[in-house]
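# Breakdown of the fold
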Amino acid sequence: MKNLLTYLVCFAIGIANLSATEVLKSPDGNLTLMFDLDMEGSPVYTLSLNGKTVINPSKMGFELKKGKSLTKDFRIVGSSYSQFDETWEPVWGETKTIRNFYNEMEINLAQFDDQGKDRKMNIRFRLYNDGLGFRYEWPEQKDFTYFVIKEERTQFAMTGDHKAYWIPGDYDTQEYNYGICKLSEIRSEMPKYLNPTNASTSVFSPTGVQTSLQLKTDDGIYLNIHEAACINYPTMHLNLDDKNLVFESWLTPDARGDKGYMMAPCNTPWRTVMAVDNACKVLDSKLILNLNEPCKIEDTSWIHPTKYMGVWWEMITGKGSWAYTNANAVDLNRIDYSTAVPNGKHSANNENVKKYIDFAAKHGFDQLLVEGWNIGWEDWIGFEKDYVFDFVTPYPDFDIEMLNKYAHEKGIKLMMHHETSGSLRNYERHMEKAYQLMNKYDYDAVKSGYVGNIIPRGEFHYGQWANNHYLYAVQEAAKHKIMVNAHEATRPTGLCRTYPNLVGNESARGTEYQAFGGTMPHHVTILPFTRLQGGPMDYTPGIFRMNISSFSPDNKSKVNATICNQLALYVTMYSPLQMAADLPEHYEQYMDAFQFIKDVAVDWDDSKYLMAEPGEYIVAARKEKGKDNWFVGGVTNQDERTLTINFNFLDGNRKYVATIYTDAKDTHYATNPESYVVSKGIVKSSDMAKIRMAAGGGFAISLIPATDADKGLKRLKIK
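Read on for an overview of the structure. (Residues numbered from 1 in each chain as written. Predicted model: local features only at pLDDT ≥ 70, side-chain atom pairs only at ≥ 80, totals over all residues. Heavy atoms only, no water.)

### Description of the side chain of T530
Let me state the cut-off plainly: To qualify as a helix, a DSSP run of H or I must reach at least 4 residues; to qualify as a strand, a run of E must reach at least 2; elements of each kind are numbered from the N terminus. Under the scheme applied here, a residue whose accessible area is under 20% of the maximum for its type counts as buried, over 50% as exposed, and between as partly exposed, the area being computed with a 1.4 Å probe on protein chains only. Contacts described as polar in this section are N or O atom pairs within 3.5 Å, which, within protein, must combine one atom able to donate a hydrogen with one able to accept it, while residues neighboring in sequence count only if both atoms come from side chains.
Looking at where T530 falls in the secondary structure, it is placed in the loop between helix 10 (523-526) and helix 11 (563-572). Its relative accessible area of 0% is what places T530 among the buried residues. Only 3.2 Å separates the side chain of T530 from the backbone oxygen of I526, close enough to count as a polar contact.

What follows is the structure in structure tokens.
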């Protein structure tokens, strides 16, 4: 009798769910979301673009560590629809204003648990003209407050064997080259892209990948899967069922293997699916930013875009050292550096730093980063030390008071560096005093680092605990009016809208890897489609000397780029924090090319992506904040190509002085990377220019309104 009753109840729920379909349209009507419950009472969504399905029916829900899973036996108890339209101004950004325009649908679900108690879960969908955002929400309720997630079961069912631009799924790092292949080929291609030499790596599946995941269908639809506003929750990866071509969410676990500790009322981050018919629309999308909360910092006047140099590349390449001595082991409670023997390679010494300050100040930079200034670098990596740095004590050859005074007298500031070596507990223990020291010497920006395995031991870089730490560091920094640039932290999910003092992140394979054996040329044509969807990257471009052994003999690496490719990155890789990463003496050899780095802006009123194809090329144009100056950058992959640039984005009533930096005829990233041509002339909005990019190359253009002093210039001709 009991089994019959159970069958009748389930049958009744199934019959009711047959008519439960809810439909949501994007504001322009091109995207359609359909939601319903299947015969088992499982939530299912489908997404289509212009009448064509782009996400097949995909299930939603959660497995719990204890009790009945939130995957089926749901019933719809309510739904509501609304529209929202606002225009907001970012503190810094690619454009002066951003429109946040969407249609919303809230689905109210209920489910009886194993004891017959009713549990409530809502799913909120927001449909924009370029994509979908949805999240799970648990309202305050009597019988369901605390729960532990075993796994989130959100699916993204593909409609075909799409081309994917991916990196391996990893709980600890995104520092990988990108693979490009069909979904069905990821399993066989995966071993080629693994990076076991990284300081911390935890690959979880032979078909697992990371977000932001860029996809392209055979009929030219660009899909992008990511997440937004990841707060008090683990980072989401995607695990591919390559037989059925279905991605499913795969959360980063904690040290006990659990995937999330929740207390209602609460919600997940937004899961996002962008669907557009043009690659430039992917780059132009503000979907991730718009799904984050508005700025929570009342006074943002102290937050500013920054162009900086650094005592950094010489250590990365092996020319110099972070450490003051060659000691094998350091106990900060016992070591006396005043009696230690220097190794003679320590880069953060007074005279060297002053040299960098002089160069940076002379050429108009805002700040100078100095790494290796503080004690403890002798054995900072690979030993999982708890007390590894104190973040306040300088080495004997770094006079923090004198150097800050010297920099301020020159009109620039020093940028602080806090490497945690993955010891989050130690950083939090010292954070307040570290920020106080910064305030004392008028540092207003810090580059933090999280190299190595996480402490507490067993935690991962992308777990709930670590994600809470990264946000805590940003929030505490804001109290001290400090901007944060976090390296090796979790991938960004748009939180820079809510906390704009988060001015940059690394969280991907950056320029440093050019000194660790090199990076594939197509890398910089993919990152804006993937990693940069969640927020700006401190990619540290601007390398001019490509053969590293020419100045660091023991390092045989070569930078897989041309000088013009490096110039273009200041435009194509958006960031309010841009570094000129090479050594001063290298810039002095190419001062005409260095002029573009000096001229290019770091904050913008407008941005236009002129042409793009992931893995192949990107061309972007940006208008400087508060001025009529435009800057254009173009990069290509390993293939030489020629593109026609239309200047129709310029003011039609003005003439502009164009300075164009192009690869020379014989330039090639592997054989002749430092050859380039600088051309100058007048252009108008009706003009076009055909520009060749060498293999691994690029081009850069500055466009400044012409004045009477420019009357002698001729119309531009590209040589």
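Next comes the rest of the write-up.
### Focus: empty space enclosed by the protein
The condition is simple: Only protein atoms enter the calculation, which uses a 1 Å grid: trapped sets of points that fit a 1.4 Å probe without letting it out are cavities, open sets showing protein on both sides within 12 Å along at least five of seven lines are pockets, and any residue with an atom within 4 Å of a point is a lining residue. Grid points are joined across faces, edges and corners, and a volume is the space filled by probe spheres set on the points. Polar here means any residue outside two lists: the nonpolar Ala, Val, Leu, Ile, Met, Phe, Trp, Tyr, Cys and Pro, and the charged Asp, Glu, Lys and Arg; Gly therefore counts as polar.
Tallied over the entire structure, the rule returns two cavities of 30 Å³ or more. What the largest cavity holds in volume is close to 310 Å³. Around the largest cavity, the lining is made up of 29 residues, and of these Y470, T490, L495, L502 and N505 lie nearest the centre. Of all elements in the fold, only helix 8 (424-440), helix 9 (464-479), strand 26 (483-487) and strand 27 (502-505) reach the threshold of two or more residues within the lining of the largest cavity. Ranked by residues supplied to the lining of the largest cavity, first place goes to helix 9 with five residues. Residue composition of the lining of the largest cavity, grouped by class: 18 nonpolar, nine polar and two charged.

### Section: the nonpolar core
Across soluble globular proteins, you tend to see nonpolar side chains buried next to one another. Spelled out, the test is: Working definition of a nonpolar core: buried Ala, Val, Leu, Ile, Met, Phe, Trp, Tyr and Cys residues. They are joined through side-chain atoms within 4.5 Å.
W313, L368 and F398 are the most contacted members of the largest nonpolar core, which totals 142 residues. Counting residues in each nonpolar core, the second largest holds 57 residues, with Y45, V54, Y233 and F247 among its members.

### Considerations on helix 9
Formally: In this scheme, a helix's expected span is set at 1.5 Å multiplied by one less than its residue total. Two residues form a contact once any of their heavy atoms are found within 4.5 Å.
The end-to-end C-alpha separation of helix 9 is 23 Å, in line with the 22 Å expected for 16 residues at 1.5 Å each. Within helix 9, the full set of buried residues consists of Q464, A466, N467, H469, Y470, L471, A473, V474, E476, A477 and A478. Lining the buried residues of helix 9 we find strand 19 (260-263), helix 8, strand 26 and strand 27.

### Quick look at the pattern of salt bridges
Rules: Salt bridge criterion: a side-chain nitrogen from Lys or Arg within 4 Å of a carboxyl oxygen from Asp or Glu.
Taken as a whole and assessed by the stated rule, the structure comprises 48 salt bridges. The partner of R457 in a salt bridge is E384, with the nearest N and O atoms 3.8 Å apart. Placement of R457 in the loop between strand 25 (445-449) and helix 9 and of E384 in the loop between strand 23 (367-370) and helix 7 (400-409) is noted, with a sequence separation of 73 residues between them. A relative accessible area of 31% places E384 in the partly exposed class. Members of the salt-bridge network, linked through shared partners, are E104, E106, R124, R126, R135 and E137.

### Things to note about the packing of helix 8 against helix 9
Note the cut-off: Think of each axis as a best-fit line through the C-alpha atoms, taken over the contacting stretch in the case of a helix, with angles from 0 to 180 degrees between the N-to-C directions. Should an angle fall under 35 degrees it is called roughly parallel, over 145 degrees roughly antiparallel, and 65 to 115 degrees roughly perpendicular, with every other angle called oblique.
Packing of helix 8 against helix 9 brings their axes to within 11 Å, and their N-to-C directions diverge by 0°. With respect to their mutual orientation, helix 8 and helix 9 come out roughly parallel. From helix 8, L424, R425, Y427, E428, M431, E432 and Y435 reach across to helix 9, where they touch W465, A466, H469, Y472, A473, E476 and A477.

### Points about the environment of G696
Relative to the helices and strands, G696 is located in the loop between strand 35 (688-693) and strand 36 (698-705). Relative accessible area serves as the criterion here: at 1%, G696 is assigned to the buried category. For G696, the residues in contact, after removing those within four places along its chain, are P521, A561, T562, N565, T636, N637, Q638 and Y669.

### So, unusual backbone geometry
Following T211, the chain continues to S212 via a peptide bond in cis, the omega torsion being 0°. With an omega of 5°, the peptide bond running from A264 to P265 counts as cis. Mapped onto the elements, P265 comes out in the loop between strand 19 and strand 20 (266-267). In this model, D73 sits at a positive phi of 60°, which is unusual for a non-glycine residue. Of note, D73 is situated in the loop between strand 5 (62-64) and strand 6 (75-88). On the basis of relative accessibility, which here comes to 25%, the residue D73 falls in the partly exposed class. Its identity is not glycine, yet K481 carries a phi of approximately 55°, on the positive side. Look at K481 and you get partly exposed, because its relative accessible area is 45%.

### Digging into the packing of aromatic side chains
What counts is decided by this rule: The pairing test for Phe, Tyr and Trp rings, Trp by its six-membered ring, is centres within 6.5 Å, and the orientation test on the planes gives stacked under 30 degrees, edge-to-face over 60, and tilted for anything in between. Only when the NZ atom of a Lys or the CZ atom of an Arg is both within 6 Å of the ring centre and within 35 degrees of the ring normal do we say a charge sits over the ring.
Enumeration according to the criterion identifies 41 aromatic pairs in this entry. Seen in terms of ring centroids, F84 and Y102 are 5.3 Å apart; in terms of plane orientation they differ by 25°. Their pairing is stacked. Of this pair, F84 sits in strand 6 while Y102 is found in strand 7 (residues 98-112), placing the two residues 18 residues apart along the sequence. Overall, F84 belongs to the partly exposed group, its relative accessible area being 33%. Put simply, the rings of F359, F365, F544, Y587, Y590, F594 and Y676 touch in pairs and so form one group of aromatic residues. Directly above the aromatic system of F144 lies the positively charged group of R119, at a separation of 5.0 Å from the ring centroid.

### Side note on the sheet that holds strand 26
For clarity, the cut-off: At least two DSSP bridges between two strands are needed for those strands to be called paired.
Strand order in this open sheet of seven strands is 27-26-25-24-23-22-28, and the pairing throughout is parallel. Each edge of the open sheet is held by one strand with a lone partner, namely strand 27 and strand 28 (577-580). Taken over all neighbouring pairs, the strand axes of this sheet differ in orientation by 25° on average, direction set aside. Taken together, the five bridges between strand 25 and strand 26 define a ladder with parallel strand orientation. Each residue of the ladder has a partner; that of S448, found in strand 26, is A486. Contacts from helix 8 reach strand 24 (413-419) and strand 25, with the element oriented near 170° to strand 24.

Just distances and angles here, no functional claims.
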